[in-house]
Amino acid sequence: MSGIELYIHIPFCVKKCLYCDFLSGVFDEKMQRRYTAALCTEIKYLAATHPDCNISTIYVGGGTPSWLSEDLMDDIITTVKKSFKVSPLAEISVECNPGTLTAEKLNVYRSIGINRLSIGLQSANDDELKELGRIHDYNRFLHTYDLVRKAGFDNVNVDIMTGLPHQTIEKLEKTLSCVTMLRPEHISAYSLIIEKGTPFYEKYKFDAVKQQAGMETEDLPTDEESYHLYKYTMEYLEARGYKRYEISNYARNGKVCRHNIGYWDRVPYLGAGLGAASLFNNVRTSNISDIYKYVETSEAIASGKDISFDLSSPYFETEETLSKKDAMAEFMYLGLRKMEGINRADFYMMFGLDIEAIYGPVITALRNQGFMDAKEGRIFLTDIGIDISNQVLSKFLLD
Ligand code: SF4
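Residues numbered from 1 in each chain as written. Predicted model: local features only at pLDDT ≥ 70, side-chain atom pairs only at ≥ 80, totals over all residues. Heavy atoms only, no water.

Visitor: Talk me through the nonpolar core; I want residue IDs and the actual numbers.
Guide: Residues I8 and I114 are the most contacted members of the largest nonpolar core, which totals 68 residues. The biggest single contributor to this core is helix α1 (residues 29–49), with eight residues. Core analysis: the second largest hydrophobic core is formed by 24 residues, A329, F347, F351 and I379 among them. (Core = buried A, V, L, I, M, F, W, Y, C linked by side-chain atoms within 4.5 Å. Buried < 20%, exposed > 50% of the residue type's maximum accessible area, 1.4 Å probe, protein only. Helix = DSSP H or I, 4+ residues; strand = E, 2+ residues; numbered from the N terminus.)

Visitor: Pulling in residues and values, what's your account of the sheet that holds strand β13 (residues 342–343)?
Guide: Taken together, three strands build an open sheet; the order of strands is β13-β15-β14 and the sheet is antiparallel. A single partner strand is all that each edge strand has here, and the edge strands are β13 and β14 (372–375). (Pairing = 2+ DSSP bridges.)

Visitor: I'd like a rundown of the site of the ligand, residues and numbers included.
Guide: For the ligand, the full set of nearby residues is C13, K15, K16, C17, Y19, C20, F22, S24, G63, T64, N97 and R134. Its residues assigned to classes, the shell around the ligand shows five nonpolar, four polar and three charged. (Near = heavy atom within 4 Å. Nonpolar A, V, L, I, M, F, W, Y, C, P; charged D, E, K, R; others polar.)

Visitor: Describe α1, and please don't skip the residues or the numbers.
Guide: Since the α-helix advances by 3.6 residues per turn, residues separated by three or four positions end up pointing in the same direction. Taking 1.5 Å of rise per residue, 21 residues should cover 30 Å, and α1 covers 30 Å from first to last C-alpha, within 8% of that figure. By the burial criterion, the buried members of α1 are M31, Q32, Y35, T36, A38, L39, C40, T41, E42, I43, L46 and A47. Each element contacted by the buried residues of α1 is listed here: β1 (4–10), α2 (70–83), β9 (269–272), β11 (283–287) and α10 (291–302). (Expected span 1.5 Å × (residues − 1). Contact = heavy atoms within 4.5 Å.)

Visitor: Break down the pattern of salt bridges for me, with residues and values.
Guide: Tallied over the entire structure, the rule returns 19 salt bridges. Note that K231 is salt-bridged to D387, the shortest N-O span being 3.3 Å. Taken together, the residues K231 in helix α8 (residues 223–239) and D387 in helix α14 (residues 383–387) connect sequence positions 156 residues apart. Two residues, E246 and R337, come together in a salt bridge whose shortest N-O distance is 2.6 Å. In this pair, E246 sits in strand β7 (residues 243–246) while R337 sits in the loop between α11 (324–335) and β13, placing the two residues 91 residues apart along the sequence. Taking relative accessible area as the criterion, E246 reaches 1% and is therefore assigned buried. (Salt bridge = Lys/Arg side-chain N within 4 Å of Asp/Glu carboxyl O.)

Visitor: Lay out the pairing of strand β15 (residues 378–381) in plain terms, naming residues and giving numbers.
Guide: Of the two faces of β15, only one is covered, namely that formed by I379 and L381; the face formed by R378 and F380 stays uncovered. Both β13 and β15 contribute to a ladder of two bridges, which runs antiparallel. In the sheet register, N343 faces β15, and the bridge partner there is R378. As paired strands, β14 and β15 are joined by four bridges and run antiparallel to one another. Note on β15: the bridge partner recorded for A374 is I379. Here β14 folds back onto β15 in antiparallel fashion, the turn holding two residues, of which E376 has a positive phi close to 45 degrees.

Visitor: Describe the packing of aromatic side chains, listing the residues and the values that go with them.
Guide: According to the stated counting rule, one finds 19 aromatic pairs in the structure shown. Relative to Y59, the ring of Y7 has its centre 6.3 Å away and its plane inclined at 20 degrees; by these criteria the two rings are stacked. One end of the pair, Y7, is in strand β1; the other, Y59, is in strand β2 (residues 54–62), and 52 residues separate them in sequence. For the pair Y7 and Y59, a shared accessibility class is recorded, and that class is buried. Arranged with centres 5.9 Å apart and planes meeting at 40 degrees, the rings of F141 and Y145 form a pair that is tilted. On the criterion of helical spacing, the pair formed by F141 and Y145 is a turn pair, its members being four residues apart in helix α5 (residues 138–150). (Phe/Tyr/Trp six-rings, centres within 6.5 Å; stacked < 30°, edge-to-face > 60°.)

As far as function goes, none of this settles anything; it's purely spatial.
Here is the structure:
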């Protein structure tokens, strides 16, 4: 099968940020080595159980993958390249955090074919970084960015966040101006979400409810202020040559993230590592989410022990075969996140049905309301449709 994507999860962080509910934690080097060995076993297992897959993109996410020592990253990428057919033009991205990269590490990254880095800045204001519980300050980010450029990386993303506690347009403007002056090829701008189970949830849960209800808030921006921050970000970035190609993603000179576009286009992908998700042959799965269980499973496989498992892989914790209706709904609400929307012909090719037969009334209603438009065989959300994308995209769910 051609054009498969591979996601690799590294669940280690130097320190847990106060808003983060990702599957990551603080573990020592011994566990990082044990986990990497387990991960390489899983990568080989995936390759053996998915023969003839050509990998078009690899995304090493986390966590903080850049915290791994360079020899471990080398082991991972080398194992992938030895186990799978990897396109010579593959996009190979690694998520990095300021303060976790060195010139030596970056040289190893280049030598093993990593060609895209994504750096988590979040804000150029040190008081906001402290509030978020990040390990870096803005100067540390600048030092990391400089190392990355000096090492020769020419495809770099910088992550920023909007909707932070006490964030004003002036503070956001400072972050946007600092980042755009550096001219990274790509900028991702995500809104802060207050997730259950995080210290931020305990601190801001009442404010988050008020925000959603459109009421006055104490620390978080109100719903209206959040909207202004989001709009300001979009206009600021577009005015400086960053084209929005997805709700939260901007690129200049066409340097979009091919891996993420694959997700929105429902390109099949395999996930390796703790909690990693896959979509393959219309089956959605997620891996074991307990790190000890994960490494023990892999170690048992590596030592050739017979292990019993209920799902179709010993690594899976969940497995769901999607119905045709589920797959069609996914195709719509993922594809419509992209500014260019979806192609009617692709829908027909994928499902053997005319899109109008399934979604004709929904599309007509949304077009009449000004939330959607169509051009040259494509259907896409308008600017006001994007502004309320959660509501609009939910219309594509099928009973
Ligand atoms: S560095 Fe990223 S993954 Fe790690 S705790 Fe912070 S936000 Fe979460």
